[in-house]
Amino acid sequence: NDAEMRRLHQILASSPAVEQILLLRAVYVGPEDAIVSAKIHPARDFTVPQLAGAMDEIDAAMRSAIPEVADVYLDISAYSLDTLPLDQDHGYPYP
């Protein structure tokens, strides 16, 4: 629902490791199981271990906030909203 999507977006946006959210989707795969996927442009000053830790924190925060979240897939991209080659017909960018 819209409130859950706003909450997921808020969790991503509040992470200092996330500079831009390019795409956010949640799909129910069972009556009470949802898969969340997001394509993000990371903050520049994070090392790979720091970024991995931040992604684990986002995963845990999403699962804690919405118990139906079964899996979280985060795609780190060098693209930004300005350089992403896809358009809104493909679901980009996330509103």
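One can find the structure itself at the top, above this paragraph.
A brief structural summary. (Residues numbered from 1 in each chain as written. Predicted model: local features only at pLDDT ≥ 70, side-chain atom pairs only at ≥ 80, totals over all residues. Heavy atoms only, no water.)

With that settled, the discussion passes to the environment of valine 29. Mapped onto the elements of the fold, valine 29 is located in strand 1 (residues 18-30). A residue is classified by how much of its surface remains accessible, and valine 29, at 53% relative accessible area, is exposed. (Helix = DSSP H or I, 4+ residues; strand = E, 2+ residues; numbered from the N terminus. Buried < 20%, exposed > 50% of the residue type's maximum accessible area, 1.4 Å probe, protein only.)

Turning to helix 1 (residues 2-14), a few remarks are in order. The end-to-end C-alpha distance of helix 1 is 18 Å, a good match for the 18 Å that 13 residues give at a rise of 1.5 Å each. Of the positions making up helix 1, those classed as buried are Met5, Leu8, Ile11 and Leu12. Relative to the axis of helix 1, the buried residues are bounded by an arc of 120° and lie together on one face. Among the exposed residues of helix 1, those oriented more than 90 degrees off its buried face are Asp2, Arg6 and Ser14. (Expected span 1.5 Å × (residues − 1). Arc of directions from axis to C-beta.)

Our next topic: the pattern of salt bridges. Applying the stated rule across the entire model yields three salt bridges. Between arginine 63 and aspartate 59 there is a salt bridge; the shortest N-O distance is 2.4 Å. Taken together, the residues arginine 63 and aspartate 59, both in helix 2 (residues 48-65) and four residues apart, mark about one turn of the helix. With relative accessibility at 19%, the residue aspartate 59 sits in the buried group. (Salt bridge = Lys/Arg side-chain N within 4 Å of Asp/Glu carboxyl O.)

Now for the sheet that holds strand 2 (residues 33-42). One open sheet holds the three strands; their spatial order is 1-2-3, and the pairing between them is mixed. A single partner strand is all that each edge strand has here, and the edge strands are strand 1 and strand 3 (69-76). Here the strands of the sheet are splayed against their neighbours by 15° on average, with no regard to which way each runs. In this sheet, strand 3 lies alongside strand 2 in parallel orientation, the contact comprising seven bridges. Within the sheet, the bridge partner assigned to lysine 39 lies in strand 3 and is aspartate 75. Of the strands in this sheet, strand 1, strand 2 and strand 3 touch helix 1, which is tilted by about 145° from strand 1. Lying on the sheet, helix 2 is in contact with strand 1, strand 2 and strand 3; it crosses strand 3 at an angle near 150°. (Pairing = 2+ DSSP bridges. Axes fitted to C-alpha atoms, helices over the stretch in contact; angles between N-to-C directions. Contact = heavy atoms within 4.5 Å.)

Quick look at helix 2 now. When the terminal C-alpha atoms of helix 2 are compared, their 26 Å separation across 18 residues agrees well with the 26 Å that a helix rising 1.5 Å per residue should span. Restricting attention to buried positions, one finds in helix 2 the residues Leu51, Ala54, Met55, Ile58, Asp59 and Met62. For helix 2, the buried positions fall inside an angular range of 145° around the axis, keeping them on one side. Turned more than 90 degrees from where helix 2 packs its buried face, Pro49, Asp56, Glu57 and Ser64 sit exposed.

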